[in-house]
Amino acid sequence: MSDPAPEKLFSPALQPAVRERFLHADGDPFTGPRAYLENAGGGLTLKAVFAADQRVGALPDNAGRDNPASREVGRAIQAGRADVATFLGAPAGTILSEQSTTACAFRLLEAAALGRRGGNLVCSQLDHASFYDAAGILAARHGLERRVAPLNRATGALDPDAVAALVDADTAAVTVIHASNITGGRTDLAAVAARVRARAPQAMIIADGAQHAQHGLVDAAGCGVDAYVFSAYKIFSKPGFAFACLSERLAARPHAQLAGKAAADWDLGTRDPGGFAAFSAVVDYLCWLGAQTAAPAPADRRGLVAAAMHAIEAHEAALSRRLLHGADGLPGLLAHARVTLHGQRDHRAGREAVFAFSVAGAPTGRLVQEFGRRGVILHDRVSDAYSGHTLAALGVREVVRVSLAHYNTPAEVDAFLRALRDLLAPA
Ligand SMILES: Cc1ncc(COP(=O)(O)O)c(C=O)c1O
């Protein structure tokens, strides 16, 4: 596991410059000023994303025609794909674009499972339902066994050995969530991949980065997975788009496609060019942020993205310390006797800035409403189609989730802590 990120808030000059680049950072268009602390559900959208989507989405004609507008559409799609590879630290090989991470989960697992009767698919209790259910449904469809690795209740994360213990020579695929959308627990992907490869070199390792992507650098090639998937709306772009990089051996597996297309082409039909331009705008933004935070600024886009993601991690680590331990006389989340934090209590080791907690005697739905009335936007995770399996493994039926992003400020964390203190104060 890599060392925990250093803690360093953005400078007083940089923080507002960051917020200025996002739509609705300070207020909701319907309800007015508020602190947006529900970033695990979807990041705020960059203004440049909206502009790029409109500009490229409005171009007449489709790609592949002999006219300037068509050539610009084609260029935007190619540039978007290259930027996905840069963002993921992946070779420029196969970059799949889909409507959602859920769609990617079904397609990738189907490709891994096809024609492998009698084997198994390994997923985990920490997986989002997209991978957990895809593994269950596709295992049943293809006559495979679904094996489910347990999460670690103390850390709210996944232990590499717990995954490795379930794989064998008949494992077709292993799904690994990089960061939990409920507990924030972060998986050591490289350790999982190394242990799985040692026992089951044939197994396709598919990483779900939907939650990690906005919190830290992705090194898809370095951590040795066969696919790394994420949703664009979680990282400041628009909904309706997910991307994945695929290893050569996974890309070559049979998959739905037009007969005359190259084997490694995974996109189906005409994709929205605005979605590709929008993601390039995300990478442009990260390059800008990297240039503000690294001295000297790296010369290439990957280096700038890495600098930005390290600065984001450091800022979020400082915010997370404040949230858990309090500051300026405000008690932190951990100081309240009625509060239980589910998962890692350390504010930076093995976790990201997503926190699940319960308050004894208080239903989560009512708490979320009360926070909302105090201008703090949170969400709860309940035992439904998305979260039931993970909450059961954690031993609870519902939790409140507070999740931070790098545009959040210490003042917004304090708004959360103040609301919590007031809500828990004896009547
Ligand atoms: C960890 C994780 N995986 C997968 C998903 C599903 O993403 P999508 O809505 O793009 O299918 C989510 C959505 O919240 C998530 O947090």
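Source: prediction; values computed, not measured. (Residues numbered from 1 in each chain as written. Predicted model: local features only at pLDDT ≥ 70, side-chain atom pairs only at ≥ 80, totals over all residues. Heavy atoms only, no water.)

With that settled, the discussion passes to the sheet that holds strand S13 (residues 339-342). Taken in spatial order, the 4 strands line up as S13-S14-S17-S16 in an open sheet, and their pairing is antiparallel. The strands lining the two open edges of the sheet, one partner per strand, are S13 and strand S16 (379-382). Across the sheet, the mean angle from the axis of one strand to that of its neighbour is 35°, orientation sign disregarded. Here 4 bridges tie S13 to strand S14 (residues 354-359), and the two strands are oriented antiparallel to one another. Counterpart to Leu341 in the pairing with S14 is Phe357. Set on the sheet, helix H14 (residues 410-424) makes contact with S13, S14 and strand S17 (398-403); between it and S14 the angle comes to about 10°. (Pairing = 2+ DSSP bridges. Helix = DSSP H or I, 4+ residues; strand = E, 2+ residues; numbered from the N terminus. Axes fitted to C-alpha atoms, helices over the stretch in contact; angles between N-to-C directions. Contact = heavy atoms within 4.5 Å.)

In this section: the pattern of salt bridges. Opposite charge on two side chains permits pairing when their charged atoms draw close. The final tally for this structure, using the stated rule, is 30 salt bridges. We note a salt bridge from Glu98 to Arg107, for which the minimum N-O separation is 2.9 Å. Between Asp226 and Arg249 there is a salt bridge, with its nearest N and O atoms 2.9 Å apart. Here Asp226 is found in the loop between helix H8 (220-223) and strand S9 (227-231), whereas its partner Arg249 is found in helix H9 (residues 248-251), with 23 residues between them in sequence. Because the salt bridges share partners, they merge into one network encompassing Glu7, Arg321 and Arg348. (Salt bridge = Lys/Arg side-chain N within 4 Å of Asp/Glu carboxyl O.)

A few words now on the nonpolar core. Membership of the largest hydrophobic core comes to 77 residues, with the highest contact counts inside it found for Phe87, Leu88 and Leu286. Mapping this core onto the domain boundaries places at least three of its residues in each of domain 1 (14-44 + 302-424) and domain 2 (51-281). Ignoring any residue separated from it by four or fewer positions in sequence, one finds Leu88 in contact with Val218, Asp219, Ala220, Tyr228, Phe230, Ala244, Cys245 and Arg302. (Core = buried A, V, L, I, M, F, W, Y, C linked by side-chain atoms within 4.5 Å. Buried < 20%, exposed > 50% of the residue type's maximum accessible area, 1.4 Å probe, protein only. Domains from an automatic or database assignment.)

This part is about the domain arrangement of the protein. Considered domain by domain, the protein is made up of domain 1 (14-44 + 302-424) and domain 2 (51-281). Look at where the C-alpha atoms of domain 1 and domain 2 centre, and you get two points 26 Å apart. Residue-level contacts link 42 residues of domain 1 with 36 residues of domain 2. Together domain 1 and domain 2 conceal approximately 3,000 Å² of surface at their shared face, both sides included; 55% is due to carbon and sulfur atoms. Per-residue buried area on domain 1 facing domain 2 is highest for Arg302, Glu352 and His389; these three make up 23% of the total on that side. Across the contact surface, domain 1 and domain 2 share 2 salt bridges. Where domain 1 touches domain 2, the interface holds 20 residue pairs in polar contact (both at pLDDT 80 or more). The set of elements that each furnish at least two residues to the side of domain 1 that touches domain 2 consists of helix H11 (301-325), S14, helix H13 (388-394) and S17. The element contributing the most residues to the side of domain 1 that touches domain 2 is H11, with 8 residues. A class-by-class count of the residues in the side of domain 1 that touches domain 2 yields 21 nonpolar, 14 polar and 7 charged. (Buried area = accessible area lost by both parts, 1.4 Å probe. Polar contact = N/O pair within 3.5 Å; in protein donor to acceptor, adjacent residues only side chain to side chain. Nonpolar A, V, L, I, M, F, W, Y, C, P; charged D, E, K, R; others polar.)

This next bit is on the layout of surface pockets. Empty space among the atoms becomes visible once a probe the size of a water molecule is rolled across them. Estimates place the volume of the second largest pocket at around 430 Å³. Looking at the second largest pocket, it is lined by 22 residues, and the ones nearest its centre are Arg81, Lys261, Asp265, Asp267 and Gly269. When contributions to the lining of the second largest pocket are tallied by element, the ones reaching two or more residues are helix H3 (68-88) and strand S4 (94-98). If you tally residues by element for the lining of the second largest pocket, the top one is H3, at 4 residues. Here the residues of the lining of the second largest pocket are counted per class, giving 9 nonpolar, 8 polar and 5 charged. (1 Å grid on protein atoms, 1.4 Å probe; cavity = no way out; pocket = protein on both sides within 12 Å on 5 of 7 lines; lining within 4 Å. Points joined across faces, edges and corners; volume = space filled by probe spheres on them.)

What follows covers the pairing of strand S8 (residues 204-208). The buried count for S8 comes to 5 of 5 residues, which makes it a mostly enclosed element. Side chains Met204, Ile206 and Asp208 of S8 all project onto a buried face; the interleaved residues Ile205 and Ala207 project onto the opposite face, where all are buried too. With 5 bridges connecting them, strand S7 (residues 171-177) and S8 associate as parallel partners. Along S8, the bridge assignment pairs Val176 with Ala207. Once you follow S7 into helix H7 (residues 189-199) and on to S8, the crossover reads as right-handed. Looking at chain direction, S8 and S9 are connected through 3 bridges and run parallel. (Right-handed = clockwise from strand over helix to strand, strands pointing away.)

A full pass over the atoms with the stated rule returns 16 aromatic pairs. Between Phe22 and Phe236, the ring centres sit 5.3 Å apart and the planes meet at 85°, which makes this aromatic pair edge-to-face. Residue Phe22 is found in the loop between helix H1 (14-20) and strand S1 (27-28), and its partner Phe236 is found in the loop between S9 and strand S10 (242-246); the two are separated by 214 residues along the sequence. Across the pair, exposure class does not vary: Phe22 and Phe236 are buried alike. Ring centres of Phe230 and Phe279 lie 5.4 Å apart, and the angle between their planes is 50°; on these two criteria the pair is classed as tilted. Placement of Phe230 in strand S9 and of Phe279 in helix H10 (residues 273-293) is noted, with a sequence separation of 49 residues between them. With relative accessibility at 0%, the residue Phe230 sits in the buried group. Overall, the relative accessible area of 0% leaves Phe279 in the buried class. By way of ring pairs, the aromatic residues Phe87, Phe230, Phe241, Phe243, Phe276 and Phe279 are connected into one cluster. Above the plane of the ring of Trp288 lies Arg21, whose end atom (NZ or CZ) is 3.6 Å from the centre. Sitting over the face of the ring of Phe241, Arg271 holds its NZ or CZ atom 4.7 Å from the ring centroid. (Phe/Tyr/Trp six-rings, centres within 6.5 Å; stacked < 30°, edge-to-face > 60°. Lys NZ or Arg CZ within 6 Å of the ring centre and 35° of its normal.)

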